[in-house]
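An overview of the molecular structure
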Amino acid sequence: MTTPALLPLSGWRPPPLNLGASAFPHHRATLRLSEKFILLLILSAFITLCFGAFFFLPDSSKHKRFDLGLEDVLIPHVDTSKGGKNLGGFLIHGQGHDEHRHREEEERLRNKIRADHEKALEEAKEKLKKSRDEIQAEIQTEKNKVVQELKKKDSKPLPPVPLPNLIGINSGEPADPDIREKRNKVKEMMKHAWDNYRQYGWGHNELKPIARKGHSTNIFGNSQMGATIVDALDTLYIMGLHDEFREGQEWIDKNLDFSVNSEVSVFEVNIRFIGGLLAAYYLSGQEVFKIKAVQLAGKLLPAFNTPTGIPWAMVNLKSGVGRNWGWASAGSSILAEFGTLHMEFVHLSYLTGDPVYYNKVMHIRKLLQKMDRPNGLYPNYLNPRTGRWGQHHTSVGGLGDSFYEYLLKAWLMSDKMDTEARKMYDDAIEAIEKHLIRKSNGGLTFIGEWKNGHLERKMGHLTCFAGGMFALGADGSRDDKAGHYLQLGAEIAHTCHESYDRTTLKLGPEAFKFDGGVEAVAVRQNEKYYILRPEVIETYWYMWRFTHDPKYRQWGWEATQAIDKYCRVSGGFSGVKDVYSSSPTYDDVQQSFFLAETLKYLYLLFSNDDLLPLDNWVFNTEAHPLPVLHLANTTLSGNPAYR
Ligand code: DMJ
């Protein structure tokens, strides 16, 4: 057994008494007085033992102890050339003289040890006097210092790149007073949503407008990442809400920190945070947004460390450990998640001159191109370990939707140079039209879901975005079928409008059927909710831009009024649980996409087309506008830093 007396004395200190949060499990962190007393008693007994052992040991063993690496302390600068002899660490010159020096040294050391012990004891007593809060505050201060240091390291300036032509970022004022009034109403709704979030949920991911406090879900992990702030920035900007924009920018600058032990959804963080930050950067030119986007993207990269390079659905921002959703078929990644990274990642490579992001998404594309597709359809599930499809389920709504959208938008974003993406889009849409799109008995065109060789005649609210996508992809379509796709977009817009119009609240349900006598109506209770989603309004806006048919503004206005009437509460906006009930209950969540998408698309619907023109801007799936990059091809040669 090692006794304290055998320890090297010069370096020895009583063990540090760490009474901070990390020293004890949480429930024991608050020491009661009696526990403190016992601890002090043990400490004093231990110190007394050290002294006792030291003083009662024979001189020779004390010398041995000094041999344990104390030469320098005793006679620091030995000079053996002067005839001395080094005996186990001591220099023996004249015996009597040396003995005297040894005694003096020992005395000096003893005093030093005594002083050290007393100091340690004092420190321990001081620690015990502090409250848990004080100790935690000390720990927090230390942590903050580390974060600040890290920030300094991370904030290296990025290489300058030519900014794409930024056209139409603050115009769009309609001449028609009626339309202007509608646009102002939408702006007022944005202000109501933002102000309440500002007051009750600031820094949290989302707002609970009835409980008037912060809200979050597992897609954002367990940290307060201010999702609503990041998601709302560009909407604030285009609406001219510049004070609010600046408040958001300041919060992001000071508080948005990605070095947190938090497991987030790669897809959601990409579309809302990276997309939101990039759009805010392009609109405002403020470097902080670009820097934050790049920092965050770096944290997502470990998600791609799978045997196939198909990313995990979730990644821990600190450890980089990834995994998939427990509910996904056979440990699969989801098509709409790993297939909705392309736009943001191409921009990241463009802005940084680092091909790593571009290579990751191109690898996904190449892998998908090589795979067999049942009936030409992409299943929603792909196993990232084996590279095989999971369950054969195809959807243009949840789990599949934005994968198709990003194929088309990759082409548009590359100034129509990325023809590979366009081809993949055309092929996919042809298969979807053949196997998934049908007309109901009542003449409504709908997009069903393909499940193991069988068509489910059900359409989700999410699927309604496809009307806008078909219209957006009409120009440049194969065999010049532009008219056909514009018509298809119009039919989907009509069906989705019916799904709103056939409810009591004039708001659309989460999913609706086309079975038997039921058309565009939700059947199951758990499909009757409306959570402030944007997809139907998104389609109205695209259809408006391509046709200028006033019915789309009319439908958009109906939706605006319904949202204001049934979803508005004094603390913000809430989803409703049943759109067929005249006295609906609230879900008490103000989703971040309500500010990012729903209100933005409504505002654009009542603006002139010169606000964010579609020839210059491509909207990511969370409605964050990214400029078209005039690239010679998909190799990003537009960026000199990249060449
Ligand atoms: C948004 O976060 C995005 O539009 C995403 O692509 C799917 N749906 C939600 C809003 O409904």
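Residues numbered from 1 in each chain as written. Predicted model: local features only at pLDDT ≥ 70, side-chain atom pairs only at ≥ 80, totals over all residues. Heavy atoms only, no water.

**Points about the nonpolar core**
If you look at the biggest cluster of nonpolar residues, it comprises 164 residues, and the most contacted ones within it are Phe-470 and Ile-563. A per-element tally of this core places helix H9 (residues 266–284) first, with 12 residues. Dropping the residues within four chain positions of it, Ile-563 is found in contact with Met-189, Leu-507, Tyr-530, Leu-532, Ile-537, Arg-568, Phe-573, Phe-594 and Thr-598. (Core = buried A, V, L, I, M, F, W, Y, C linked by side-chain atoms within 4.5 Å. Buried < 20%, exposed > 50% of the residue type's maximum accessible area, 1.4 Å probe, protein only. Helix = DSSP H or I, 4+ residues; strand = E, 2+ residues; numbered from the N terminus. Contact = heavy atoms within 4.5 Å.)

**Quick notes on the site of the ligand**
Within the structure, the ligand sits among Ile-271, Arg-272, Leu-462, Arg-533, Pro-534, Glu-535, Phe-593, Glu-597, Thr-621 and Glu-622. Between the ligand and the protein, one listed contact pairs an oxygen atom with a side-chain N or O atom of Arg-533 at 2.7 Å. Within the side chain of Glu-622, an N or O atom sits 2.5 Å from an oxygen atom of the ligand. A total of 290 Å² of accessible area belongs to the ligand in isolation, and the protein chains cover 92% of it. The cavity that encloses the ligand is the largest pocket. Those elements giving two or more residues to the shell around the ligand turn out to be H9 and helix H20 (592–605). (Near = heavy atom within 4 Å. Polar contact = N/O pair within 3.5 Å; in protein donor to acceptor, adjacent residues only side chain to side chain. Areas by Shrake-Rupley, 256 points an atom, 1.4 Å probe, with all protein chains shown as cover. 1 Å grid on protein atoms, 1.4 Å probe; cavity = no way out; pocket = protein on both sides within 12 Å on 5 of 7 lines; lining within 4 Å. Sits in = over half its atoms within 2 Å of the grid points.)

**Structural notes on the sheet that holds strand S6 (residues 314–316)**
Within the open sheet, the three strands sit side by side as S5-S6-S7. Their pairing is antiparallel. Strands with a single pairing partner mark the edges of an open sheet, and in this sheet they are strand S5 (263–265) and strand S7 (322–323). Taken together, the three bridges between S5 and S6 define a ladder with antiparallel strand orientation. Its bridge partner being in S6, Ser-265 is matched across the sheet by Met-314. In this fold H9 packs onto S5 and S6, with an angle of close to 65° to the strand it touches most, S5. (Pairing = 2+ DSSP bridges. Axes fitted to C-alpha atoms, helices over the stretch in contact; angles between N-to-C directions.)

**Here we look at the packing of aromatic side chains**
Applying the stated criterion to the full structure yields 26 aromatic pairs. Geometrically, the ring pair formed by Phe-512 and Phe-514 is edge-to-face, given 5.9 Å between the ring centres and 70° between the ring planes. Judged by relative accessible area, which is 2%, Phe-514 ranks as buried. Summarising the aromatic geometry, the rings of Trp-541 and Phe-619 are spaced 5.2 Å apart at their centres and angled 70° between planes, so their arrangement reads as edge-to-face. Remark: Phe-619 occurs in strand S19 (residues 617–619) and Trp-541 occurs in helix H18 (residues 535–547); sequence separation between them is 78 residues. There is no split in this pair, since Trp-541 and Phe-619 are both buried. Positioned above the aromatic ring of Trp-202, the side-chain terminus of Arg-198 is 4.1 Å from the ring centre. The side chain of Arg-422 reaches across the aromatic face of Trp-411, ending 4.5 Å from its centre. (Phe/Tyr/Trp six-rings, centres within 6.5 Å; stacked < 30°, edge-to-face > 60°. Lys NZ or Arg CZ within 6 Å of the ring centre and 35° of its normal.)

Purely spatial values, then, with no claim about function.
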